[in-house]
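So you can see what is in the structure, the chains are spelled out below.
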Amino acid sequence: MAEAYMPSQRPQPSRMYRWLVLIFISLAMFGNYYVYDSIAPIADLLKSQLGFSDVMIGRLYSVYSYAAVATLLLGGVIIDRFGTKKAVMLFGAVCTVAGVLTAISPNFYVMLAGRLLLGLGAESLIVAVTTALAKWFKGKELSFAFGINLTVARLGSVAADNSPTWAGRWYSNWHDPLWVSAVIGGFCLLGAIVYWMLESNAERKYTLGEAGSTDKLVWRDLLRFNRSFWYVVALCVTFYSAILPFRAFAIKFFQEGHGLSREAAGGLNSLLPLSAMIATPLFGLLVDRIGHRALFMAVGSLLLTPVFVMMIPALHLSLYLPIAFVGIAYSMIPAIMWPSVAYIVDERKLGTAYALMTLVQQLGVAGMNEAIGRANDVYGAGAANPSGYNPMLYTLSTLGFLGLLFSFLLWKTEKGPSAHGLETITAGAASK
């Protein structure tokens, strides 16, 4: 009789139950991404109504990255120690409080504290959610669940970029949009609460899988990575450091440099996460089939090189073509760069490799947010001086040239005697 109550005899959660878990845990990610991107649509209002400089606006993003670095150095200790259920609840609550703190005061340092808190909570929430999904989904289902989760999260970015359109009544001042963001940030906590209830119920009735392992920095492994890994890291930094800081200033730039309305500028900026949602899995399928990962990275770098110069206001060119190119390049990062690490790094060191990549990436993004914010201020970028944005565009374009250099070095290394097959390996070959 007792054997009937052994955990091993419990059934697996039904597909419907697992989908319910995925919906609510992704809802937390939606709120997370929305709050992060809520500053860009009001950047010009922060400048005109509160007197913020572009350096200050850039710092509202860079402080997030600095906080993210701090969470990486913790190495997922909280998640490992207290479990995914408690971790998702804790970090979801932190993100919600961060949204409120950012909206509550016009004081720059209070707002900065809110963004710092968001960085501490949001990046840890992403890790916790990723770890939790491994308890609920296995095999091919896990990849699909990750894809759905990332899609819902990026919809948060799309919603934030387009908020001047669907929430236009609140955009007469800087304050109300941030309170809209704070309310949507409440989804982080709401999703976490429902997830807690669903997992607590499942623990009594079902057999759950083991949580996935978190990526941790193992310091003794840092000097053991090969050149190919460091070239991929460099590529990752150049791509993210060009695209994410650009997104932070893009809506303000489109308004002041090209005379677009806030609604049109937000819609244009939203094309980047939208294109990534569609193109990322397609690039993943393509590169798995034909290989040549270093070549694809070179193509992405080549796309980034001219696009920012094409947006120079004095040229009066359409913005849709360069934005499309940036969107394609943005799609290649998760589809090609991150999976490439698994081919060139020993499986036992993957946790350190991914943690290190994320750490260096966040530092690069933070530095570039600060750099282009300062460039905009020094050259007087604004509606009265659209050409003041040119140094920002030249700086971002330079990162494309660096990407080409690192792509060539990676290709050259992968053609040598110590190659790992990035140029030829396909999904079928990798499975053998």
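Right above here is the structure, for reference.
Residues numbered from 1 in each chain as written. Predicted model: local features only at pLDDT ≥ 70, side-chain atom pairs only at ≥ 80, totals over all residues. Heavy atoms only, no water.

(A) Focus on the overall build of the chain. Assigned secondary structure in the chain consists of 15 helices and zero strands. Residue burial in the chain is summarised as follows: out of 432 residues, 56% are buried. Contacts in the chain between residues far apart in sequence, at least 24 positions, make up 83% of those at least 6 positions apart. Per element, the accessible surface of the chain, about 18200 Å² overall, is 67% carbon and sulfur. (Helix = DSSP H or I, 4+ residues; strand = E, 2+ residues; numbered from the N terminus. Buried < 20%, exposed > 50% of the residue type's maximum accessible area, 1.4 Å probe, protein only. Contact = heavy atoms within 4.5 Å. Areas by Shrake-Rupley, 256 points an atom, 1.4 Å probe, with all protein chains shown as cover.)

(B) Summary view of the packing of helix H9 (residues 227-258) against helix H11 (residues 293-310). At a minimum axis distance of 11 Å, the contact between H9 and H11 shows a crossing angle of 35 degrees. Two packed elements cross with a definite hand, and for H9 against H11 that hand is left-handed. Between H9, through Leu-235, Phe-239, Ala-242, Ile-243 and Phe-246, and H11, the contact on the second element is made entirely by Met-297, Gly-300, Ser-301, Leu-304 and Phe-308. Looking at the contact of H9 with H11 residue by residue, the classes come out as eight nonpolar, two polar and no charged. (Axes fitted to C-alpha atoms, helices over the stretch in contact; angles between N-to-C directions. Left-handed = near helix turned anticlockwise from the far one by under 90°. Nonpolar A, V, L, I, M, F, W, Y, C, P; charged D, E, K, R; others polar.)

(C) Quick peek at H9. The largest bend in H9 amounts to roughly 50 degrees and is located at Phe-249. Within H9, 29 of the 32 residues are buried, which leaves the element mostly enclosed by the surrounding structure. With its phi angle positive at about 70 degrees, Gly-259 sits one or two positions after the end of H9. (Bend = angle between axes of the 7 residues up to and from the residue.)

(D) Structural detail: the environment of Asn-385. If you trace the backbone, Asn-385 turns up in the loop between helix H13 (350-378) and helix H14 (390-414). Note: C-alpha distance between Asn-385 and Gly-257 (128 residues apart in sequence) is 7.8 Å. Beyond its immediate sequence surroundings of up to four residues, Asn-385 is in contact with Tyr-379 and Gly-380.

(E) Geometry of the nonpolar core. By size, the foremost hydrophobic cluster in this structure holds 117 residues, and its most contacted members are Phe-229, Phe-246, Phe-254, Phe-308 and Met-311. Counting residues per element, this core draws most heavily on H9, at 19 residues. Among all residues touching Phe-229, those that are not within four sequence positions of it are Val-341, Ile-344, Val-345, Ala-353, Leu-356 and Met-357. Counting residues in hydrophobic clusters, the runner-up holds six residues, among them Phe-30, Ala-159, Val-180 and Ile-184. (Core = buried A, V, L, I, M, F, W, Y, C linked by side-chain atoms within 4.5 Å.)

(F) Local environment of the state of the cysteines. Evaluated as defined, the whole model comprises zero disulfides. Of all cysteine sulfurs, the one in Cys-188 lies closest to Cys-95, which takes part in no disulfide; the gap is 4.6 Å. Residue classification places Cys-95 among the buried residues on the basis of a relative accessible area of 1%. (Disulfide = S-S within 2.5 Å.)

(G) Molecular detail of the pattern of salt bridges. Per the stated rule, a full pass over the model turns up nine salt bridges. Note that Asp-37 is salt-bridged to Arg-247, the shortest N-O span being 3.3 Å. Linking Asp-37 in the loop between helix H1 (15-36) and helix H2 (43-50) with Arg-247 in helix H9, this pair joins segments that are 210 residues apart in sequence. Each member of the pair, Asp-37 as well as Arg-247, carries the same accessibility label: buried. Here Arg-262 makes a salt bridge to Asp-44, at a shortest N to O gap of 2.5 Å. Here Arg-262, found in helix H10 (residues 262-290), pairs with Asp-44, found in helix H2; they are 218 residues apart in sequence, far enough to count as distant. (Salt bridge = Lys/Arg side-chain N within 4 Å of Asp/Glu carboxyl O.)

(H) Structural detail: the packing of H1 against helix H5 (residues 108-136). Close contact between H1 and H5 brings their axes to 10 Å; oriented N to C, the two are set at 160 degrees. The angle between H1 and H5 places the two elements in the roughly antiparallel class. Like other packed secondary-structure pairs, H1 and H5 cross with a definite hand, here left-handed. Where H1 abuts H5, its residues Tyr-17, Arg-18, Val-21, Leu-22, Ile-25, Ala-28, Met-29, Asn-32, Tyr-33, Val-35 and Tyr-36 lie against Arg-115, Leu-118, Ala-122, Leu-125, Ile-126, Val-129, Ala-132, Leu-133 and Trp-136. (Parallel < 35°, antiparallel > 145°, perpendicular 65-115°, else oblique.)

(I) Highlighting the packing of aromatic side chains. With the rule as written, the count across this model stands at 15 aromatic pairs. With a centroid separation of 4.7 Å and an interplanar angle of 65 degrees, the aromatic rings of Tyr-36 and Tyr-64 are classed as edge-to-face. One end of the pair, Tyr-36, is in helix H1; the other, Tyr-64, is in helix H3 (residues 54-74), and 28 residues separate them in sequence. When its relative accessible area of 5% is taken as the criterion, Tyr-64 is described as buried. Taking 5.3 Å as the distance between ring centres and 70 degrees as the angle between the ring planes, the aromatic pair formed by Phe-108 and Tyr-109 counts as edge-to-face. According to the relative accessible area criterion, Phe-108 is buried, its value standing at 9%. By relative accessible area, which is 63% here, Tyr-109 ends up exposed. An aromatic cluster is defined as three or more aromatic residues linked by ring pairs; in this entry it consists of Phe-246, Phe-253, Phe-254, Phe-308 and Tyr-389. Its guanidinium or amino end placed over the ring of Trp-170, Arg-169 lies 4.9 Å from that ring's centre, counting from NZ or CZ. (Phe/Tyr/Trp six-rings, centres within 6.5 Å; stacked < 30°, edge-to-face > 60°. Lys NZ or Arg CZ within 6 Å of the ring centre and 35° of its normal.)

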